[in-house]
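Residue-level listing of the chains:
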Amino acid sequence: MKNIKRSWAEPYKMKMVELMKMTTPAQRKKAMKNAGYNTFLLKSADVYIDLLTDSGTSAMSDHQWSGMMMGDEAYAGSRNFYHLEEVVKNVYGYKYMIPTHQGRGAENILSKILIKAGDIIPGNMYFTTTRLHQELAGGKFEDIIIDEAHDPENEFPFKGNVDLNKLEKLIKKYGAKKIPYVSIATSVNMAGGQPISMKNLRELRTLTKKHRIRIIHDMTRVAENAYFIQQKEKGYEHKPVKEIVKEICSYTDGATMSAKKDALVNIGGFLAINDWDVYEEARNLVVVYEGLHTYGGLAGRDMEAMAIGIGESVSDDHIRARVGQVIYLGEKMMEYDIPIVKPIGGHGVFVDAKKFLPHIPQDNFPAQTLASEVYLDSGVRTMERGVVSAGRKANGENYYPKLELVRFTIPRRVYTQAHMDVIAESAARVYERRDKIKGMKMVYEPKYLRFFQARFEKL
Ligand code: F0G
């Protein structure tokens, strides 16, 4: 009896279910063609298992749903705003908070306040909307993530870490005055959901303090990062995720949050800041772009669901099952020899399309092609995170990222372990016939964030 393992299981049970649609190969072929081979342009009604994103796709708890009934839909001073403000202060420790309709609403306001034309914003790998707002405000993003992050095979446990030498070089080259803040994401999305270590954050705090540079935290997936610290960083193995989250935030000066991820809501976000001056300015700007500073584009009920969701998101039981499900899928894929980014990240499994389809050059979009092939096989919808997502530089040249990935993103509390099996089997079937797959050409390209609406044709 001694060796029987003790599995984790979901710390929730089902009270309501949403019926899914099964599709035929012929239906999928037609739907994919109509969508210009871009999974963003598929109708959700044509999708079986939807792994496009973990953003806004979580299942809310019974507590959150009952919170929705407590919505105080006053234009100003809704009680749900005060609840949310208190939760952000207690759980994350930031002094001031302004709700926004989602993460990019906060990014817009913050970039407008802190960035001047010609400024440099170093960060641990770019994120699409974050970098675009920095650029629209006149800034230039510089990648200071460690080199290991660009190598899908490298198993370093904290591939979200900042290379402090790269940052020091930038400070030397441009001067600290040109750097309004360092942009730090926890669970770095484009690197494959890779965490930053507490040690690295602490060292970054020391360096930035010396040069009086702020750290702004993209805390969209901070709880998942905290879980990896608990699992992998010495000294944190007995700390609850809740405490680790608060410590992470304590090394930063402010944050933008897309609550559609970690915080288990379908819409919402906020900007948090410890600086009174920045807060005042943000309170001014939020009225222009989002709404009054006590609702920021959200209904009272949305703020209530967010306040409750934040509490649930930092529970150890929740986060173990959440990340555990992602790891289960990743390990299944590895059993089929599918090349994935290692270590397995927090919010999804990232398949290495360069390795999967080595005969397709980056100009013919291997990751975009692979995402459409997986859909054709099984109706599983995934997302390109490669050359299409990277877009173009201000001078019109394409960015060619080292990472050419397809993200199998897992919504929180939505799918079962049997779904994970079906997904891995579908990826394996496509892998088996990989030699026969041809690339694509882009036939329509929007100016901003092209991955959302671009259209393709098969070669
Ligand atoms: N920062 C990160 C790290 C994100 O992953 C996202 C959104 C945002 C900011 C922007 O937040 O969507 O609420 O405006 N990521 C989604 C994704 C879209 O699928 O990864 P938003």
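In this report, the structure presented in the accompanying data block is examined. The structure presented is a predicted model; accordingly, all values stated were derived computationally and were not measured.

### Digging into the overall build of the protein
Next, step 1: The number of helices and strands found in the protein is 16 helices and twelve strands.
Next, step 2: Since a compact globule built from 459 residues should have a radius of gyration of about 23 Å, the 21 Å found for the protein is in line with a globular shape.
Next, step 3: Residue pairs at least 24 apart in sequence account for 73% of intrachain contacts in the protein once pairs closer than 6 positions are excluded.
Next, step 4: Of the side chains in the protein, 67 bear a positive and 57 a negative charge, and the two mean positions are spaced by 2 Å.

### A few points about unusual backbone geometry
Next, step 1: In this structure, the amide linkage connecting lysine 342 to the following residue, proline 343, adopts the cis form with an omega of -10°.
Next, step 2: Tracing the sequence through the fold places proline 343 in the loop between helix H12 (316–335) and strand E8 (348–352).
Next, step 3: Positive phi, normally seen in glycine, also occurs at leucine 264, with a value near 65°.
Next, step 4: For leucine 264, the location among the structural elements is in the loop between strand E6 (254–258) and strand E7 (269–273).

### Here's the deal with the nonpolar core
Among soluble globular proteins, nonpolar side chains are generally buried collectively.
Next, step 1: By size, the foremost hydrophobic cluster in this structure holds 60 residues, and its most contacted members are Tyr92, Met219, Val245, Phe270 and Ile310.
Next, step 2: Sequence-distant contacts of tyrosine 92, that is, excluding residues within four places in its chain, are made with Val87, Met219, Val222, Val245, Lys246, Cys249, Met257, Phe270, Ile310 and Ser313.
Next, step 3: Ranked by size, the runner-up nonpolar core spans 32 residues in total, among them Ile360, Phe408, Tyr415 and Ala427.

### Details of the site of the ligand
Next, step 1: Taken together, 17 residues sit near the ligand, with Thr53, Arg104, Asp218, Ser258 and Lys261 positioned nearest.
Next, step 2: Measuring from a nitrogen atom of the ligand, one finds a side-chain N or O atom of aspartate 218 at 2.6 Å.
Next, step 3: In this structure, arginine 407 approaches the ligand through a side-chain N or O atom, which is 2.7 Å from an oxygen atom.
Next, step 4: Surface burial for the ligand is 95%, taken as the share of its 470 Å² of free accessible area covered by protein chains.
Next, step 5: Here the shell around the ligand gets three residues from one element, more than from any other, and that element is helix H4 (residues 103–114).
Next, step 6: Classifying every residue of the shell around the ligand by side-chain character gives two nonpolar, eight polar and seven charged.

### So, the environment of alanine 272
Next, step 1: Its location among the elements puts alanine 272 in strand E7.
Next, step 2: The spacing of alanine 272 and methionine 257 is 15 residues in sequence and 8.1 Å in space, taken between C-alpha atoms.
Next, step 3: Not counting residues up to four positions away in its chain, the partners in contact with alanine 272 are Tyr94, Tyr96, Met97, Gly254 and Ala255.

### A short note on H4
Next, step 1: Between its terminal C-alpha atoms H4 stretches 17 Å, which fits the 16 Å expected from twelve residues at 1.5 Å a residue.
Next, step 2: The element H4 is largely enclosed, with a buried count of nine among its twelve residues.
Next, step 3: By the burial criterion, the buried members of H4 are Gly103, Gly105, Ala106, Glu107, Asn108, Ile109, Leu110, Ser111 and Leu114.

### Some thoughts on the packing of aromatic side chains
Next, step 1: Tallied over the full model, the rule gives twelve aromatic pairs.
Next, step 2: Plain terms: the ring middles of tyrosine 75 and tyrosine 295 are 5.0 Å apart, the flat faces sit at 70° to each other, and that makes the pair edge-to-face. With tyrosine 75 in the loop between helix H2 (62–68) and helix H3 (79–92) and tyrosine 295 in the loop between helix H10 (276–289) and helix H11 (300–313), the pair connects residues that are 220 residues apart, well separated along the chain.
Next, step 3: Among the residues examined, tyrosine 75 registers a relative accessible area of 55% and is labelled exposed.
Next, step 4: Taking 4.2 Å as the distance between ring centres and 40° as the angle between the ring planes, the aromatic pair formed by phenylalanine 451 and phenylalanine 452 counts as tilted.
Next, step 5: Judged by its relative accessible area of 3%, phenylalanine 451 falls in the buried class.
Next, step 6: Here a set of aromatic residues connected by ring pairs shows up, and it is made of Phe40, Phe451 and Phe452.
Next, step 7: Over the ring of tyrosine 399 we find arginine 131, and its NZ or CZ is 4.0 Å from the ring centre.
Next, step 8: Over the ring of tyrosine 431 we find arginine 434, and its NZ or CZ is 3.9 Å from the ring centre.

Here is what the cut-offs are and how they apply
- Residues numbered from 1 in each chain as written.
- Predicted model: local features only at pLDDT ≥ 70, side-chain atom pairs only at ≥ 80, totals over all residues.
- Heavy atoms only, no water.
- Helix = DSSP H or I, 4+ residues; strand = E, 2+ residues; numbered from the N terminus.
- Rg over C-alpha atoms; globule rule 2.2 N^0.38 Å.
- Contact = heavy atoms within 4.5 Å.
- Lys, Arg positive; Asp, Glu negative; His and termini not counted.
- Charge placed at Lys NZ, Arg CZ, Asp CG, Glu CD.
- Core = buried A, V, L, I, M, F, W, Y, C linked by side-chain atoms within 4.5 Å.
- Buried < 20%, exposed > 50% of the residue type's maximum accessible area, 1.4 Å probe, protein only.
- Near = heavy atom within 4 Å.
- Polar contact = N/O pair within 3.5 Å; in protein donor to acceptor, adjacent residues only side chain to side chain.
- Areas by Shrake-Rupley, 256 points an atom, 1.4 Å probe, with all protein chains shown as cover.
- Nonpolar A, V, L, I, M, F, W, Y, C, P; charged D, E, K, R; others polar.
- Expected span 1.5 Å × (residues − 1).
- Phe/Tyr/Trp six-rings, centres within 6.5 Å; stacked < 30°, edge-to-face > 60°.
- Lys NZ or Arg CZ within 6 Å of the ring centre and 35° of its normal.

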